[in-house]
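# Residue-level structure breakdown
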Amino acid sequence: MGIFYYKLFDLLNRRNLKKGDLMKLANISSPTMAKLAKNETVQTDILERICKALSCQPEDIMEYMDSDKK
């Protein structure tokens, strides 16, 4: 797995927002929120809606880490 969304949840925490708040702001479903929490694949239009809702850039909500590096 290479994409991690811990930055998203950190950003929500710093802004005193809950997952439910983000779901409403970005119009995303609970299954999609679960995928984000599990660092699973989500469509780029979802990421776009999150960035728009939070007024941020993709690098503010996700990070790529090479899983082959140790």
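Everything below is about the structure shown above.
The following refers to the structure shown. (Residues numbered from 1 in each chain as written. Predicted model: local features only at pLDDT ≥ 70, side-chain atom pairs only at ≥ 80, totals over all residues. Heavy atoms only, no water.)

## A few points about the overall build of the protein
Helix and strand content of the protein: four helices and two strands. For the protein, the C-alpha radius of gyration of 12 Å lies close to 11 Å, the compact-globule estimate for 70 residues. Out of the 70 residues in the protein, the part that is buried amounts to 26%. Across the protein, every contact between residues at least 6 apart in sequence was considered, and the portion connecting residues at least 24 apart equals 64%. Summed over all atoms, the accessible surface of the protein reaches about 5000 Å², with 50% contributed by carbon and sulfur. Averaged over its 12 positive side-chain charges, the protein has a centre that lies 6 Å from the centre of its 10 negative ones. (Helix = DSSP H or I, 4+ residues; strand = E, 2+ residues; numbered from the N terminus. Rg over C-alpha atoms; globule rule 2.2 N^0.38 Å. Buried < 20%, exposed > 50% of the residue type's maximum accessible area, 1.4 Å probe, protein only. Contact = heavy atoms within 4.5 Å. Areas by Shrake-Rupley, 256 points an atom, 1.4 Å probe, with all protein chains shown as cover. Lys, Arg positive; Asp, Glu negative; His and termini not counted. Charge placed at Lys NZ, Arg CZ, Asp CG, Glu CD.)

## Some remarks on the pattern of salt bridges
Opposite charge on two side chains allows them to pair when their charged atoms are near. If you walk through the whole model with that rule in mind, you get one salt bridge. Ionic pairing is found between Asp 10 and Arg 14, a salt bridge with its closest N-O pair at 3.0 Å. Within this pair, Asp 10 and its partner Arg 14 are both found in helix 1 (residues 6–14), separated by four residues, close to a single helical turn. When its relative accessible area of 38% is taken as the criterion, Asp 10 is described as partly exposed. (Salt bridge = Lys/Arg side-chain N within 4 Å of Asp/Glu carboxyl O.)

## A closer look at helix 4 (residues 44–54)
When helix 4 is considered as a whole, its buried residues turn out to be Ile 46, Leu 47, Ile 50, Cys 51 and Leu 54. In an axial view of helix 4, the angular spread of the buried residues amounts to 135°, which keeps them on one side of the axis. Relative to its buried face, helix 4 has exposed residues pointing more than 90 degrees away, namely Glu 48 and Lys 52. Of the surrounding secondary structure, the elements contacted by the buried residues of helix 4 are helix 1, helix 2 (19–26) and helix 3 (30–37). Downstream of helix 4 by one or two residues, Ser 55 has phi in the positive range, about 50°. (Arc of directions from axis to C-beta.)

## Some remarks on the nonpolar core
Counting residues in each nonpolar core, the largest one holds 17 residues, and the members touching the most others are Leu 8, Leu 22, Ile 28, Leu 36, Ile 50, Leu 54 and Ile 61. Secondary-structure elements contributing two or more residues to this core are helix 1, helix 2, helix 3 and helix 4. If one sorts the elements of this core by residue count, helix 4 sits on top with five residues. Sequence-distant contacts of Leu 36, that is, excluding residues within four places in its chain, are made with Tyr 5, Leu 8, Phe 9, Ile 28, Val 42 and Ile 50. (Core = buried A, V, L, I, M, F, W, Y, C linked by side-chain atoms within 4.5 Å.)

## A look at unusual backbone geometry
Of note in the backbone geometry, Asn 39 takes a positive phi value of approximately 60° without being a glycine. For Asn 39, the position within the fold is in the loop between helix 3 and helix 4. The phi dihedral of Ser 55 is positive, around 50°, even though this residue is not glycine. Tracing the sequence through the fold places Ser 55 in the loop between helix 4 and strand 2 (63–64). For Ser 55, a relative accessible area of 65% corresponds to the exposed category.

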